[in-house]
Amino acid sequence: MKRSFLLSLFLGLFCSISYGQTGKARIIGKITEGSSSQTVSGAKIELKSLSSGTVVNRVLSESNGSYEFKDVPFGNYRFTVTLISFDTIVKDVKIFKTEHVVNLSMSGSLEFDEVRVIGNVVKDGPVPIAVTKISTQKIQEELGSRDLPMLLNGTAGVYATQSGGGDGDARINVRGFDQRNVGVMIDGVPVNDMENGWVYWSNWFGLDAITATMQVQRGLGATKIAMPSIGGTINIITQGIGNKKGGSLKQEYGTGNLMRTSIAYNTGILKGGWGLTAAASYKQATGWVDGTPSQGFFGYLKVSKQFEKHLVTLSGFSAPQQHGQRSFRQPIQYWSEDQAKQLGVDIDTNAFMTDLGLRYNQHWGYRTVDGKKEVMSERLNYYNKPQITLKDFWKVSKKLSISNLAYLSIGRGGGTALYNSSAIIRDSNMNIDWDQMVEANKVNPLFGTPNIDAQYSPTEIKSSQILLASVNNHFWVGYLGQVNYEIKKGFEISGGLDARYYRGSHYQEVKDLIGGDYYIDLSDKNAASPMKRVGDKIAKNLFNSNRDGLVSWLGAFSQVSYETKTVSAFVNITGIGNGYRGIDYFQKRELNLGDTILQFGYGDTLTYNGQTYHSYSEGVDYVKTPWKFIPGFTFKTGASIKLSEFASVFMNIGYLNRTPMYSNVIDNNYNKFFGVVNNEKILALEQGFSYASKTFGVNVNVYATNWKNKPFPYGVAVPDPNDPSENIYVNINGMDAMHVGGEIDVAWEISKKLSAEFMFSMGDWFWNSSKTIVIPQYDSLEYTFDAKGVHVGDAAQTALSATLRYEPIKNLYFKGQIQYFDRYYSDFNPFSLQGANGGRESWMMPSYTLVNLYAGYRFKLKEDALVLSGNVINLLNKAFISDASNNMNGSNQNFDATSSAVMFGQGLRFNVSLSYQF
């Protein structure tokens, strides 16, 4: 009996063991690069049975670094991972579960080391900052030819809108700071405008085709160089030889007759260490907003050569484009009387332009050209900002690396507008009647005769209305040098130089004579002749009409970082010196006669030693401001501690003594320095908690930023003490702001087929000043404002986003997304809060919810794939106000919906695409 029991028990255990050994597993995992934690595509993973010595299977890692083996019998296996330019990985693993996760980390790639050092991206895992990584999968599934900022609306602390609705006119706020205070870098190169800090997204069309990784670092971030990143930093890294060999051909169609064709190819690393990445894209559309046609081309080329210890890269891209714009916010009634009534607006029954529709745009009409009616936009933005970058990354040893980066950007373009906006002729649809305007230019309306002025030309037509172009060209060259040294494992020091020189040229020229032959510009008294033709510069309003802005920048930075399995910490110090200089070609001029210098006012005629000189005489030169140099510095430090395998906490603190932007140093109207020029002082503190397991992750952050001496761009208009009927512009110190808030974002892989993302952020951003200031250069002039406790406008202070992704079968996905925005105060000038309006809140726009839908299917074609995808943005066609300015409706100053000027967001839009990936 006892012997029979033992025999049964033995047989049962034997069967159980045998069954376990003959089970089969699904092995999944990701290949990443160790130093940067970036995913590695195109790596070859070989699986070899240790018991039989045979190779079971070989696969290549996907674009997101993932790989999969199916139906692998339980047992002991050797994983071998290889990729040119990386060290080979060999790892033995025992497979005994039906689903096994094996993540593998590679090292040795010069390109990934370069990205970590130069690109200012942070690795996955515990880090001492708040960061969101935007995957290429997310870009491919959700962007759909929108501007890149619109993709980030589901990111904690971020608010983005399409502004007037023109292609490329998006703007972004992070934690309540506008994009003048959000740093943007492409492959380690800063791209914020050197004069005003703005980012013009129309210049970066096509980047999505070659983006390898994108990060949003909120707060002060991990950027080593001095950047205007008070709200955050957006880092975009393009593809290179470290990425998988292959390419794609993509065709898109969308709302507004959007047609876009894109092609991209990456060779990976070739024999001899060469590599090539190339991309091109062309798009055209009529636009969701009426009269906003767009056309753009994007070209990109990166050539890389890897030597034993060097990686040399030459890259360049160009994106010439033009697009119609809708420039001005308008009263709510202007767009929709129904929406106005719902918001309690007092309807003006005498309004000339009312209830025109949410797509209406006052800046366009039809013009007959060669017998055909063509769309013509009064507000046309045209620009090309090519950029060339040369990089050398030198891995001197395992401990020491040196990088050198030089870049050049030459921007050309501008925007158009009619000279006299009050003399626009409109048709019955309230669009510009270009044909009638041409006729009005050609024929004198009083006498019905040709518009000829014999004193200038006996045969040519003199235009009374013209189309101007405000040209904004620039020349920008920069250098970034950096040294990194690992003192011992996990302990690294780095330092370097950041040098930049920028020259922006701004003037107005005749773009279109609208049927005439010339225009008389009597305001340009410095010109020898007042006759202006297409391409000639013009002095529309004398001020700010023909000037150059020069900015020099020299910065030094150093950082010490320390990292173990449980602790990550850094200390960063930067110092910069900014130089500013202004040149005005219209207003002030001088003539050096050797024994004296004649200084001309605008249009002056001067006599010296019996000789008469004019401001336009030969040899007369313009007057330049002297260079003004202002120093600044930043200090940042932070640390994260790993509490357990999945949980960590972090904290960072920083102080910025930030140099002002050009527009707050030199008054563009008079080409002179503002009387008061002070640095901005920012103190920021942030804490966070992170939990990340294989299927669930949550991040919780709280932050506080105290901004002192926050300037108003281009100064504040105040009455001139010498002539109260005129305004002068001054810098006013003492405007402070507090930005405090909290953020939470969650990612949950509910099952193999279902995953979810959730984000919630709430801020309390308010002005914190109430003062009376004496303007130093005008002793008798006092300026009083009271903005204390008034909420900052221009971005939603409460935001929520929830996304659910379902993959019923492999390669087929459906994704639904809900976005909610609330506590959104209209934009306003805090210096305007005076007297009875002191401390008064601006109008708060109504909250709104958007529903978006995404879907796609990937057809496998052996080694290639065909991807069909589509999205619908604002599925419910919700009418919502996306932008607003307080008290901008004429004389109405009631801080309410009636007194506000707004832009409505875009309604339902769709995009479908078919992509062949090879």
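Everything quoted here is computed from the prediction, not taken from an experiment. (Residues numbered from 1 in each chain as written. Predicted model: local features only at pLDDT ≥ 70, side-chain atom pairs only at ≥ 80, totals over all residues. Heavy atoms only, no water.)

### Things to note about the nonpolar core
The biggest cluster of nonpolar side chains holds 49 residues, and the ones touching the most others in it are Ile332, Ile732, Trp767, Tyr783, Trp843, Ile881 and Val902. Excluding anything up to four places from it in sequence, Ile332 contacts Gln339, Ala340, Leu343, Val345, Trp843, Ile881, Ala897, Ser900, Val902 and Phe904. With 32 residues, the next largest nonpolar core counts Trp204, Leu207, Ile234 and Phe298 among its residues. (Core = buried A, V, L, I, M, F, W, Y, C linked by side-chain atoms within 4.5 Å. Buried < 20%, exposed > 50% of the residue type's maximum accessible area, 1.4 Å probe, protein only. Contact = heavy atoms within 4.5 Å.)

### Overview of the side chain of Asn196
By the secondary structure assignment, Asn196 is in the loop between strand S13 (189-190) and strand S14 (211-218). The class of Asn196 is buried, set by a relative accessible area of 10%. Polar contacts involving the side chain of Asn196 include one to the side chain of Tyr714, which spans 3.5 Å. Other than its neighbours up to four places away in sequence, Asn196 contacts Arg180, Met661 and Tyr714. (Helix = DSSP H or I, 4+ residues; strand = E, 2+ residues; numbered from the N terminus. Polar contact = N/O pair within 3.5 Å; in protein donor to acceptor, adjacent residues only side chain to side chain.)

### Observations concerning a nonpolar patch on the surface
On the surface, Leu249, Ile263, Tyr265, Phe859, Leu861, Leu868, Leu914, Tyr916 and Phe918 cluster together to form a nonpolar patch covering roughly 770 Å² of accessible area. The set of elements that each furnish at least two residues to the nonpolar patch consists of strand S17 (258-269), strand S55 (848-861) and strand S59 (909-917). Looking at where Phe859 falls in the secondary structure, it is placed in strand S55. On the basis of relative accessibility, which here comes to 36%, the residue Phe859 falls in the partly exposed class. (Patch = residues over 30% accessible without salt bridge, like charges linked within 9 Å, V, L, I, M, F, W, Y side chains within 5 Å. Areas by Shrake-Rupley, 256 points an atom, 1.4 Å probe, with all protein chains shown as cover. Salt bridge = Lys/Arg side-chain N within 4 Å of Asp/Glu carboxyl O.)

### Re the sheet that holds strand S2 (residues 44-49)
Taken in spatial order, the 4 strands line up as S3-S2-S5-S6 in an open sheet, and their pairing is antiparallel. In this open sheet, the two edge strands, each paired with only one partner strand, are strand S3 (55-60) and strand S6 (89-95). Strand-to-strand twist of the sheet, defined as the mean angle between neighbouring strand axes without regard to direction, takes the value 20°. As judged from the 5 bridges shared by S2 and S3, these two strands associate in the antiparallel manner. Within S3, the residue paired with Glu46 across the bridge is Arg58. (Pairing = 2+ DSSP bridges. Axes fitted to C-alpha atoms, helices over the stretch in contact; angles between N-to-C directions.)

### Some words on the confidence of the model for the chain
Across the chain, the average pLDDT comes to 88, with 92% of residues at or above 70. Model confidence for the chain, summarised as mean pLDDT per element, is weakest for helix H1 (residues 2-21) at 43 and strongest for strand S53 (residues 812-825) at 98. (pLDDT = per-residue confidence, 0-100.)

### Examining the environment of Val700
As for its placement among the helices and strands, Val700 is situated in strand S45 (residues 696-708). Distance from Val700 to Asp595, taken between C-alpha atoms, is 71 Å for residues 105 residues apart in sequence. Every residue in contact with Val700, bar those within four places of it in the chain, is listed here: Gln687, Gly688, Phe689, Glu743 and Ile744.

### Focus on unusual backbone geometry
The backbone of Asn811 shows a phi angle near 80°, a positive value even though the residue is not glycine. In this fold, Asn811 is placed in the loop between strand S52 (796-806) and S53. Judged by relative accessible area, which is 22%, Asn811 ranks as partly exposed. In this model, Lys862 sits at a positive phi of 55°, which is unusual for a non-glycine residue. For Lys862, the position within the fold is in the loop between S55 and strand S56 (864-873).

### As for the packing of aromatic side chains
All chains considered together, the criterion is met by 33 aromatic pairs. Note on Phe298 and Phe317: the rings are 6.4 Å apart at their centroids and 35° apart in plane angle, and the pair reads as tilted. Placement of Phe298 in strand S19 (residues 294-306) and of Phe317 in strand S20 (residues 310-318) is noted, with a sequence separation of 19 residues between them. Judged by its relative accessible area of 1%, Phe298 falls in the buried class. Measuring from ring centre to ring centre gives 6.4 Å for Tyr300 and Phe317, while their planes differ by 25°; the resulting arrangement is stacked. Within this pair, whereas Tyr300 is found in strand S19, its partner Phe317 is found in strand S20, the two being separated by 17 residues in sequence. Classification of Tyr300 by relative accessible area gives buried; the value is 5%. Of the residues examined, Phe317 reaches a relative accessible area of 9% and is grouped as buried. (Phe/Tyr/Trp six-rings, centres within 6.5 Å; stacked < 30°, edge-to-face > 60°.)

### Focus on the sheet that holds strand S28 (residues 432-433)
Reading across from one edge, S24-S23-S28 is the order of the 3 strands in this open sheet, with mixed pairing throughout. Looking at which strands have only one partner, the edges of the open sheet turn out to be strand S24 (372-377) and S28. Where strand S23 (residues 364-369) and S28 come together, 2 bridges link them in parallel fashion. The residue of S28 that forms the bridge with Gly365 is Ile432. Those strands touched by helix H7 (residues 434-442) are S23, S24 and S28, and its axis lies near 65° from that of S23.

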